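# A closer look at the structure
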Amino acid sequence: MRNRNVTNESEDFSNRWIFNFAKKICPDSAPAQKIIRDAPTSNDFIDSPLTMMEFSIALLSCNNNAPGLDRIKFNLVKNLPDLAKRRLLNLFNKLLEQNIVPHDWRQVRVIAISKPGKLASDHNSYRPIAMLSCIRKLLEKMILRRLDNWVEANGLLSDTQFGFRRGKGTNDCLALLSSEIQLAYAKKEQMASVFLDIKGAFDSVSIDVLSEKLHQCGLSPILNNYLYNLLSEKHMHFSYGDLATLRTSYMGLPQGSCLSPLLYNLYVNDIDNCIVSPCTLRQLADDGVVSATGPKAINLQQPLQDSLDNLSIWALKLGIDFSTEKTELVVFSRKRDPAQLQLQLVGRTIAQVLTFKYLGIWFDSKGTWGGHIRYLITKCQQRINFLRTITGSWWGSHPSDMIRLYQTTILSVMEYGCICFRSAANTHIINLERIQYRCLRIALGCMQSTHTMSLEVLAGVLPLKDRFWDLSSRLLIRCEVMNPLVIENFERLVELQPQTRFMTMYFNHMSQEITPARYVPTYVNILDTPKSTLFFDTSMQAEIRGIPDHLRSREIPKIFTSKYQHIDS
């Protein structure tokens, strides 16, 4: 009798919760009641466009982030009974089928976060973050999973795009650029690179143009129309103290939406058509590099300028603005006096510099990496001082906590992009090793006379050179499948310049036996596959939550056996 009452209470709660949510979509109670009445049975539910498998996977990937104006958090949805989750899934399917966007989903709370090192009085110094409804973000996660698989399975994105893609990231883009520079040095040529930056990338997207591009890619009309309806209108609520204002926008992608990165990649996917041979393009989201290599730098000016002119026309058609202040030119050459090129972008001359910070790494024209090492030393100094403040002779954090804090706040900074600068001179690498020795002495409370190798053994930390070697080898293993352009550059360097510090790591990589089939990702086109059901039972987690620690080892196996003993293995 008790179980029957609990079931009735859960069903009543789910009916009330879904009914209130449906009333927000349809203020008239009759349509809302119709949606509840048309909830699918167990058999009909299997064939619904969005399955419970997608719903459960999307919900499990959601963190308890800040909610939107409706104040509904993900924890509320996660703790709903199974019947309520099924009815919510039915609502999502109805919204997609009838192209309905709830009014509350258009209400966006905007939080402005200041960019580091920018003037507080300049409006461009703030990054607007959109606080969307968690219910909307849950549906967007389900749509994103389908879109991502559909895009990758059909190869719709360019190979030059490394941003917001599975298996690719900043390290791949940095490895490709650094290998191209080393290849130019080996050929005794010069490489001219123009580092581009798009101003307000997400805010510049035209929803009309985006919808047309999705239609040309072959996206289904139902999903395309719903994305257009979802993104075309936003009511943004700005607040600062007692001041509040409301703005309506029909442009741009919201910064807090998980769909925005993938849709932006599709929006700028045709940028490759602007590049003139022999120039190449490497892009990571809104950061791009246009490069050209040749024996004489002066011969590279015309193809680079033609590519920049095409980019200016392309950006004008899409409503995109390049940040000319952040766009700079670097000529990578071992010559004492590199050539001075006169290039223009959108009518403004591009400044030629000797060093440029690209994706957090300082590239210098000579390839010595001295500027980046000095940057790392300066950046780590403040964090080392923080370590000193939380330790002492008779008080302070435990050494294991200190080592973990060092690994997350200081070591992670030094090892980022190590495949680029690990071939720097020993004098530069020694300066980074001294930072590790200093931090380990602080964490372990050892004296200055303690041997450096003993410090690393006691802390269980790899020597910095071995750590760089390990990370670089892992990256090359992934590049075998996900970024073959890097491997091609290294293969050319084997023929031209094998006896260098930069190539020792690759020779070690060549000696390893790697099975590519283990690393090839498989993308399943969910839009074309039959629907399947996969139910995630999380009820046991709630049942064992209140069991004391000294009884868990005895009671949890009993609960597991009673719940799942009827299932065949």
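Look a little higher up for the structure.
### Topic: the side chain of Ser365
Its location among the elements puts Ser365 in the loop between strand 14 (361-364) and helix 13 (370-389). Taking relative accessible area as the criterion, Ser365 reaches 4% and is therefore assigned buried. Ser365 has contacts with Tyr185, Val330, Val331, Phe332, Ser333 and Leu354, leaving out every residue within four places of it along the chain.

### What about the pattern of salt bridges?
Enumeration over the complete set of coordinates arrives at 11 salt bridges. When the shortest N-O distance is used, the salt bridge between Glu415 and Arg467 registers 2.8 Å. In this pair, Glu415 sits in helix 14 (residues 399-415) while Arg467 sits in helix 18 (residues 464-482), placing the two residues 52 residues apart along the sequence.

### Quick notes on the nonpolar core
Core analysis: the largest hydrophobic core is formed by 77 residues, its most contacted members being Phe55, Phe92, Leu138, Leu147 and Trp314. Ranked by residues supplied to this core, first place goes to helix 7 (residues 134-153) with nine residues. When neighbours within four sequence positions are excluded, Phe92 is seen to be in contact with Leu50, Phe55, Trp105, Ile135, Leu138, Leu139 and Met142.

### A short note on the packing of aromatic side chains
In the structure shown here, the tally under the stated rule is nine aromatic pairs. Ring centres of Phe202 and Tyr264 lie 5.5 Å apart, and the angle between their planes is 55°; on these two criteria the pair is classed as tilted. One end of the pair, Phe202, is in the loop between strand 3 (190-199) and helix 9 (207-217); the other, Tyr264, is in helix 11 (residues 260-267), with 62 residues separating them in the sequence. Taken as a pair, Phe202 and Tyr264 share a single burial class, namely buried. Joined through ring pairs, the aromatic side chains of Phe195, Phe356, Tyr358, Phe363 and Trp369 make up one cluster. We note Lys168 situated over the ring of Phe162; from NZ or CZ to the ring centre the distance is 5.5 Å.

### Section: the packing of helix 16 (residues 426-444) against helix 18
Between helix 16 and helix 18, the least distance of the axes is 9 Å, while the angle of their chain directions is 105°. With respect to helix 18, the axis of helix 16 lies roughly perpendicular. Along the contact surface, helix 16 presents Asn426, Ile429, Leu432, Glu433 and Gln436, while helix 18 presents Leu464, Lys465 and Phe468. In the contact of helix 16 with helix 18, the residues fall into four nonpolar, two polar and two charged.

### Notes on the sheet that holds strand 1 (residues 107-114)
Spatial ordering of the open sheet is given by 2-1-4-5, a layout of four strands whose pairing is mixed. Looking along the sheet, the strands with just one partner apiece sit at the ends: strand 2 (126-131) and strand 5 (243-249). Between one strand and the next, the sheet's axes are offset by a mean angle of 30°, whatever the strand orientation. The pairing of strand 1 with strand 4 (residues 234-240) spans four bridges and is parallel. Paired with Arg109 across the two strands is His237, which belongs to strand 4.

### Comments concerning a negative patch on the surface
A surface patch of like charges, here negative, comprises Glu480, Glu488, Glu491 and Glu495. Here Glu480 shows up in helix 18. For Glu480, a relative accessible area of 36% puts it in the partly exposed group.

### Side note on helix 22 (residues 549-564)
Between its first and last C-alpha, helix 22 extends 23 Å over 16 residues, near the 22 Å set by a 1.5 Å rise per residue. Where helix 22 bends most, at Glu555, the angle is about 40°, and the proline Pro557 comes one to four residues later.

Rules of the game
- Residues numbered from 1 in each chain as written.
- Predicted model: local features only at pLDDT ≥ 70, side-chain atom pairs only at ≥ 80, totals over all residues.
- Heavy atoms only, no water.
- Helix = DSSP H or I, 4+ residues; strand = E, 2+ residues; numbered from the N terminus.
- Buried < 20%, exposed > 50% of the residue type's maximum accessible area, 1.4 Å probe, protein only.
- Contact = heavy atoms within 4.5 Å.
- Salt bridge = Lys/Arg side-chain N within 4 Å of Asp/Glu carboxyl O.
- Core = buried A, V, L, I, M, F, W, Y, C linked by side-chain atoms within 4.5 Å.
- Phe/Tyr/Trp six-rings, centres within 6.5 Å; stacked < 30°, edge-to-face > 60°.
- Lys NZ or Arg CZ within 6 Å of the ring centre and 35° of its normal.
- Axes fitted to C-alpha atoms, helices over the stretch in contact; angles between N-to-C directions.
- Parallel < 35°, antiparallel > 145°, perpendicular 65-115°, else oblique.
- Nonpolar A, V, L, I, M, F, W, Y, C, P; charged D, E, K, R; others polar.
- Pairing = 2+ DSSP bridges.
- Patch = residues over 30% accessible without salt bridge, like charges linked within 9 Å, V, L, I, M, F, W, Y side chains within 5 Å.
- Areas by Shrake-Rupley, 256 points an atom, 1.4 Å probe, with all protein chains shown as cover.
- Lys, Arg positive; Asp, Glu negative; His and termini not counted.
- Charge placed at Lys NZ, Arg CZ, Asp CG, Glu CD.
- Expected span 1.5 Å × (residues − 1).
- Bend = angle between axes of the 7 residues up to and from the residue.

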